[in-house]
Every structure is written in structure tokens, then in C-alpha cells.
Amino acid sequence: MSTLKDRLRTDLTTAMKARDELRSSTLRMVLAAVTTAEVAGKSAKVLSDDEVVAVLTSEAKKRREAATAFADGGRAESAERETAEAGVIAEYLPEQLTEAEIAEIVTEAVAATGAAGEGMRAMGKVMGLVQQRTKGRADGGAVAAEVKRQLGA
């Protein structure tokens, strides 16, 4: 079993003993998503820490999007709950990159691929290189926006 999944289970037990309803329900939800990912496909498998981080990233993104939707719909209480759940999940994710760090990585990738004069045709190869370096540490939308900006789109 991955050490991150083991940590999630241990923290769930601790949260249940402390009667922390928000943390325990969030960790249950995340562990269910991890289990679903493990049994998806033709055969069951145990996820590595990187794969668990990918599931956590996806779950955190769902919470952020739901919080935005609730806030736009005038449901502040539900938006706060989703934001709080995203905060709990964020504790298990690697530290997120700043905009400046993302810009620096994109600049290096553009230089490494020689894509400076190619414009948007080079988006794919630049994104491939950048995603390897930012995996789990930056929102894909923010990375794509920076790549587009630097390629002149």
C-alpha cells in the first residue's frame, strides 16, 4: 500500500476519534475515490503515491469548481463547505507552485524545445515538457494559460 494512502487512513481514524466531522467525511470521500481508481479498468491494482496524488488533485479541483458554482448560485454555506473540504485535501498535496515559478518553468521549456518562434503549433510539445515538471504541483489551466501567453496566443 502506498504511504500516502496509509497516511490518509491513519488520519481518518484520528479524525473520527476526535469527532472532526468535516475532516472525517472529506477523508472518507477521498479514500473512496482512491479505491474507485484502484478497481477501475480490467484488473484491480494498488496505486502508487504519484497516482494517489493525481486522485487527490482531481478531488481538490472538483471542490474548488463546486465552491465557485455554489458561490455564483448564492449558496454561500455550501460554497464554504466545499472550500473547507478543498483545504483538507490540499494538506495532502505537494506544495503548489507560484505563478512566477510556473512562468520560469514554461520559459525554460520554450527554450528547450526551440518553440519561441512557432506560436501555438508548439503548444503540445511545450505542455508535454512542462507537465512533467509541474505534475501535481500546479493547476493545468494555469499552466496552459502561461504557455499560451508565452507562445504569443
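Structure shown above.
> Explain the layout of surface pockets here, please?
Unoccupied space between atoms shows up once a probe the size of one water molecule is rolled over them. Size it by volume and the largest pocket reaches roughly 450 Å³. In terms of lining, the largest pocket is formed by 21 residues, of which the most central are T57, K135, G136, R137 and A138. Mapped by element, the contributors of at least two residues to the lining of the largest pocket are helix 3 (49–72), helix 4 (76–90), helix 6 (123–134) and helix 7 (140–151). In terms of residue count, the dominant contributor to the lining of the largest pocket is helix 3 (7 residues). Of the residues that constitute the lining of the largest pocket, the class distribution is 9 nonpolar, 6 polar and 6 charged.

> Just to check I follow, could you spell out the nonpolar core for this structure?
If you look at soluble globular proteins, the nonpolar side chains tend to sit buried side by side. Within the largest apolar cluster, 18 residues are counted, with the highest numbers of intra-cluster contacts made by L8, V52, L56 and Y92. For this core, the secondary-structure elements that each account for two or more residues are helix 1 (3–17), helix 2 (21–39), helix 3 and helix 4. Not counting residues up to four positions away in its chain, the partners in contact with Y92 are L4, R7, L8, D11, R23, L27 and L56. One finds V110, A122, A138 and V143 within the second-largest nonpolar core, a separate group that totals 16 residues.

How each quantity is defined
Residues numbered from 1 in each chain as written. Predicted model: local features only at pLDDT ≥ 70, side-chain atom pairs only at ≥ 80, totals over all residues. Heavy atoms only, no water. 1 Å grid on protein atoms, 1.4 Å probe; cavity = no way out; pocket = protein on both sides within 12 Å on 5 of 7 lines; lining within 4 Å. Points joined across faces, edges and corners; volume = space filled by probe spheres on them. Helix = DSSP H or I, 4+ residues; strand = E, 2+ residues; numbered from the N terminus. Nonpolar A, V, L, I, M, F, W, Y, C, P; charged D, E, K, R; others polar. Core = buried A, V, L, I, M, F, W, Y, C linked by side-chain atoms within 4.5 Å. Buried < 20%, exposed > 50% of the residue type's maximum accessible area, 1.4 Å probe, protein only. Contact = heavy atoms within 4.5 Å.

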